[in-house]
Amino acid sequence: MLRFSLYRMVVLLCVAIIFYTLYRWCQILFGRVGETGGRHFQHTCNMTEQYRHELEHLFEKVHRLLVRHGLTHFLCYGTLWGQIRMAKMLPWREKAEFCVLNEELMHHEEARFIRNFDASELRIHYLHSEGIYRIFAKESITQHAPPYVELVVFQLDEAQGMYKRIGWKRRLLPPHCDWTPSLECFPNNLLQGTLPKRPLGQQHYTVPMGGIELQKYHYPDNWWKDVKVRNCNLN
């Protein structure tokens, strides 16, 4: 009969943890799909006009708060695609994104930062593993799966001259941009100088330098493709 001592159980547990960690490393290192959304737009237009209007209103409200705090914020990910393709929110998206800089956030007391959102009737919480603030309206017209805004936090790596995503799950991986695609790095020259503003819906928002250049780093596999979305009128 096989007898399990405490020592053997500890050894087996350590081995299981090592294999699980290696498995997760492979997923993160070689995976191209993250919390910020799929890298391929294959959705149908299943969001109503009311939903999109509410998302645009929430986005503008978050923008005003970030301006009040003096925080650099710019369109990125799917929201930047909307600006480039249509000058408005893409009609199939359930969220919108601003990218923000960790070195600026560190100058703000987090509790006060969150209270200011709460005073504006917004709910905000931080996803530590992903390095993302997620923001909802306290009262939403869309009761089921309401729209939300994400603040995706980037940190400057001066040695590499690159901005890269933060979050504890990325701290476990090699810090070099070429080795770890999930860092979603982009060069710091895209944020140098006075950043331009471009229309998105009824408002103008800051975008990185170079127009589509940022998307070449965040969507390396298909940034050049004009993806046709089924059942969707993009006019």
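Scroll up to find the structure this text is about.
Since we're looking at a predicted model, the values are computed, not measured.

Caption draft 1: Focus on the overall build of the protein chain. The number of helices and strands found in the protein chain is 7 helices and 9 strands. In the protein chain, which comprises 235 residues, the proportion classed as buried is 43%. For the protein chain, long-range pairs separated by at least 24 residues make up 64% of all intrachain contacts whose partners lie at least 6 apart in sequence. Of the roughly 13500 Å² of accessible surface on the protein chain, 56% is carried by carbon and sulfur atoms.

Caption draft 2: Region of the structure containing a nonpolar patch on the surface. A cluster of nonpolar residues, Tyr7, Val11, Val15, Ile18, Phe19 and Leu22, forms a patch on the protein surface that exposes about 630 Å² of accessible area. Along the chain, leucine 22 turns up in helix H1 (residues 6-30). Judged by relative accessible area, leucine 22 falls into the partly exposed class, the value being 48%.

Caption draft 3: Quick look at the pattern of salt bridges. Applying the stated criterion across every chain, the model contains 12 salt bridges. As a salt-bridge pair, aspartate 118 and lysine 138 come within 2.5 Å of each other at their nearest N and O atoms. Taken together, the residues aspartate 118 in helix H5 (residues 110-119) and lysine 138 in the loop between strand E4 (132-137) and strand E5 (148-157) connect sequence positions 20 residues apart. Overall, aspartate 118 belongs to the partly exposed group, its relative accessible area being 39%. The class of lysine 138 is partly exposed, set by a relative accessible area of 34%.

What counts and how
- Residues numbered from 1 in each chain as written.
- Predicted model: local features only at pLDDT ≥ 70, side-chain atom pairs only at ≥ 80, totals over all residues.
- Heavy atoms only, no water.
- Helix = DSSP H or I, 4+ residues; strand = E, 2+ residues; numbered from the N terminus.
- Buried < 20%, exposed > 50% of the residue type's maximum accessible area, 1.4 Å probe, protein only.
- Contact = heavy atoms within 4.5 Å.
- Areas by Shrake-Rupley, 256 points an atom, 1.4 Å probe, with all protein chains shown as cover.
- Patch = residues over 30% accessible without salt bridge, like charges linked within 9 Å, V, L, I, M, F, W, Y side chains within 5 Å.
- Salt bridge = Lys/Arg side-chain N within 4 Å of Asp/Glu carboxyl O.

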